[in-house]
Amino acid sequence: MASIYDNIRAAFEVKLNSVTDVPSIAWENLSFSPTTGQAYVKPRLIPTRREPAVRGLNPQMYYQGIFRIECYVPEGNGPAAADDLADKIIEAFEATTDVSYSGTIVSIRYAEREQGELDGPFFMIPVNIGWYIYS
Amino acid sequence: MQVTVAKSFFKKMDLLKEKTEQAVKTKASEVVSDAVDLSPVDTGAFVESWQINPRGERTRRSRSPAGRPRLSEAGRQAKREEERARLMDRVASFDFEQLSGFTVTNTAPHIGSINQNNNLKTGLSPSEIQAVLKDRHR
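Conventions and cut-offs
Residues numbered from 1 in each chain as written. Chains lettered and ligands numbered in written order. Predicted model: local features only at pLDDT ≥ 70, side-chain atom pairs only at ≥ 80, totals over all residues. Heavy atoms only, no water. Helix = DSSP H or I, 4+ residues; strand = E, 2+ residues; numbered from the N terminus. Buried < 20%, exposed > 50% of the residue type's maximum accessible area, 1.4 Å probe, protein only. Pairing = 2+ DSSP bridges. Contact = heavy atoms within 4.5 Å. Expected span 1.5 Å × (residues − 1). Buried area = accessible area lost by both parts, 1.4 Å probe. Salt bridge = Lys/Arg side-chain N within 4 Å of Asp/Glu carboxyl O. Polar contact = N/O pair within 3.5 Å; in protein donor to acceptor, adjacent residues only side chain to side chain. Phe/Tyr/Trp six-rings, centres within 6.5 Å; stacked < 30°, edge-to-face > 60°. Axes fitted to C-alpha atoms, helices over the stretch in contact; angles between N-to-C directions. Parallel < 35°, antiparallel > 145°, perpendicular 65-115°, else oblique. Left-handed = near helix turned anticlockwise from the far one by under 90°.

Some words on the overall build of chain A
Scanning chain A from terminus to terminus reveals two helices and seven strands. Each helix and strand of chain A, placed in order from N terminus to C terminus, yields the pattern α-β-β-β-α-β-β-β-β. Taking the principal axes of the C-alpha coordinates as reference, chain A spans close to 55 × 25 × 25 Å. For chain A, with 135 residues in total, the buried portion stands at 43%.

Observations regarding the pairing of strand 5 (residues 104–113) of chain A
Residues and elements named next belong to chain A. Note: strand 4 (residues 98–101) against strand 5, four bridges, orientation antiparallel. Looking across to strand 5, one finds that Tyr101 is bridged to Thr104. Counting the residues between successive antiparallel strands, the hairpin from strand 4 to strand 5 contains two residues, one of them, Ser102, with a positive phi of roughly 50 degrees. Bridging between strand 5 and strand 7 (residues 122–134) involves six bridges; their strand directions are antiparallel. Bridge pairing in strand 7 links Tyr110 to Gly130.

A word on the side chain of Gln51 of chain B
Note on placement: Gln51 of chain B falls in strand 1 (residues 50–54). In this view, Gln51 of chain B contacts Thr59, Arg61, Arg86, Leu87, Arg90, Thr103, Val104 and Thr105 of chain B; residues no more than four positions away in its chain are not counted.

Things to note about helix 1 (residues 4–18) of chain A
Spanning 15 residues, helix 1 of chain A covers 21 Å between terminal C-alpha atoms, matching the ideal 21 Å at 1.5 Å per step. Those residues of helix 1 of chain A not exposed but buried are Ile4, Asn7, Ile8, Ala10, Ala11, Phe12, Glu13 and Leu16 of chain A.

As for the interface of chain B and chain A
In this assembly, twelve residues from chain B lie in contact with 17 residues from chain A. The three residues of chain B that bury the most area against chain A are Glu128, Asp135 and Arg138 of chain B, which together make up 44% of that side's buried surface. Across the contact surface, chain B and chain A share five salt bridges. Note that Arg68 of chain A is salt-bridged to Glu128 of chain B, the shortest N-O span being 3.8 Å. Across the chain B-chain A interface, the total number found is ten residue pairs in polar contact (both at pLDDT 80 or more).

Brief notes about the environment of Gly76 of chain A
Residue and element names in this part refer to chain A. Note that Gly76 resides in the loop between strand 3 (61–74) and helix 2 (80–92). Exposure remark for Gly76: the relative accessible area of 77% places this residue in the exposed category. Sequence-wise, Gly76 and Ile108 are 32 residues apart; in three dimensions their C-alpha atoms are separated by 33 Å.

Topic: the packing of aromatic side chains
Residues and elements named next belong to chain A. Counted under the stated rule, the structure contains 15 aromatic pairs over all chains. Seen in terms of ring centroids, Phe12 and Phe67 are 4.7 Å apart; in terms of plane orientation they differ by 20 degrees. Their pairing is stacked. Residue Phe12 is found in helix 1, and its partner Phe67 is found in strand 3; the two are separated by 55 residues along the sequence. Each of the two residues, Phe12 as well as Phe67, counts as buried. Taking 4.5 Å as the distance between ring centres and 0 degrees as the angle between the ring planes, the aromatic pair formed by Tyr40 and Tyr72 counts as stacked. With Tyr40 in strand 2 (residues 40–52) and Tyr72 in strand 3, this pair connects stretches of sequence that are 32 residues apart. With relative accessibility at 7%, the residue Tyr40 sits in the buried group. An aromatic cluster is defined as three or more aromatic residues linked by ring pairs; in this entry it consists of Phe12, Phe67, Phe93 and Trp131.

Some points on the packing of helix 1 (residues 7–38) of chain B against helix 3 (residues 73–92) of chain B
Residue and element names in this part refer to chain B. Close contact between helix 1 and helix 3 brings their axes to 10 Å; oriented N to C, the two are set at 155 degrees. What the angle tells us is that helix 1 and helix 3 run roughly antiparallel. The hand of the helix 1/helix 3 crossing is right-handed. Contacts between helix 1 and helix 3 pair Lys25, Ala28, Ser29, Val32, Ser33, Val36 and Asp37 from the former with Arg80, Glu83, Arg84, Leu87, Met88 and Val91 from the latter.

Describing the pattern of salt bridges
Per the stated rule, a full pass over the model turns up 25 salt bridges over all chains. Arg70 of chain B serves as the salt-bridge partner of Asp42 of chain B, at 2.8 Å between the closest nitrogen and oxygen. Here the residue Asp42 of chain B occupies a position in the loop between helix 1 and helix 2 (45–48), and Arg70 of chain B occupies one in the loop between strand 1 and helix 3, the gap between them amounting to 28 residues. Since its relative accessible area comes to 46%, Arg70 of chain B is described here as partly exposed. Several salt bridges share partner residues, and in doing so they unite Arg9, Glu13, Glu28, Arg44, Arg68, Glu70 and Glu114 of chain A together with Glu128 of chain B into one network.

Side note on the pairing of strand 2 of chain A
All names here are of chain A. Pairing geometry for strand 1 (residues 24–25) and strand 2, over two bridges, is parallel. Across the sheet, the residue bridging to Ser24 is Tyr40, located in strand 2. The pairing of strand 2 with strand 3 spans twelve bridges and is antiparallel. Counterpart to Tyr40 in the pairing with strand 3 is Tyr72.

Printed below as a string of C-alpha cells:
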C-alpha cells in the first residue's frame, strides 16, 4: 500500500505537471542539469507535522507540510518572468482549494511567495504551498 | 444601583494572566527549539546567530564561521543544546506584561552560502527553515 506521503506528493506533482506553460521541472531526487538561460522549477515536499487528530487508540492522524516550488529564471533580465511564474503557480494551488490523487484529498492552507534572490546564473522566487490532511 | 466586584474576580484575572504568560512562553520555546533543531551545524556559527526578541527590539546576532574549526558530531549536539539554553534564557527574561509579540531572526553573514556547504548534512536550507518555522507556528 502506498504511504500517505506518496499520495500527497503525487497529488501535488500531478497538479504541477498540468499547469500550463510551466517550464522544465527538476523533480526531487532525480538527476537534472539546469541549462543556463532557461527557466525551470524545482518542487520539494517538506512534511512539517504528523500528529493524532483526536485522543484514544488508533486515532485519525493530522498531517501538515509545505510543497515548495522554487521558480528559477535566467539572471539579469529583471524579476518579471519569475514573478509571472510564481503567480501562475500560486493561482494553480490557491488557498482553500484541494488537490487529490488516488482518493487522497489534500487541502491547501495557503499559497504564498517569498522574496526573490540570485542563485548562480538564475534569479529564484520560492513559492510555499501550505497543506494539511486528516487520514 | 450597586455593582460589587468580588475578590474572586481579581484572583481569576491573575490566574488568566499567569496562564497567558505560560502559553506565550510555551509558544516562544517551541519556536526557538524548532529553529535550533532544524539548524545545520558545522562550526556552530549559524545556530549561534539565532535571536529572539520582544516585538520592536532590534538586537541581532551575526556569527561568522571564518577561522572556526568544524565541530565533532558530539560537539554539534552540544552546541545545539547550548544555543537552545541561551534562547530559552532569553525567553524567560521577557517582560510579559509589556510583550506585544516576539520575532525570531538569524542574521548569520554566511546564510547565503550554507546551501553550498557539502559538509552540512542538513535537509533544509535557511530559507526552507524559515518556511517550516512559519508553517508550524503561523
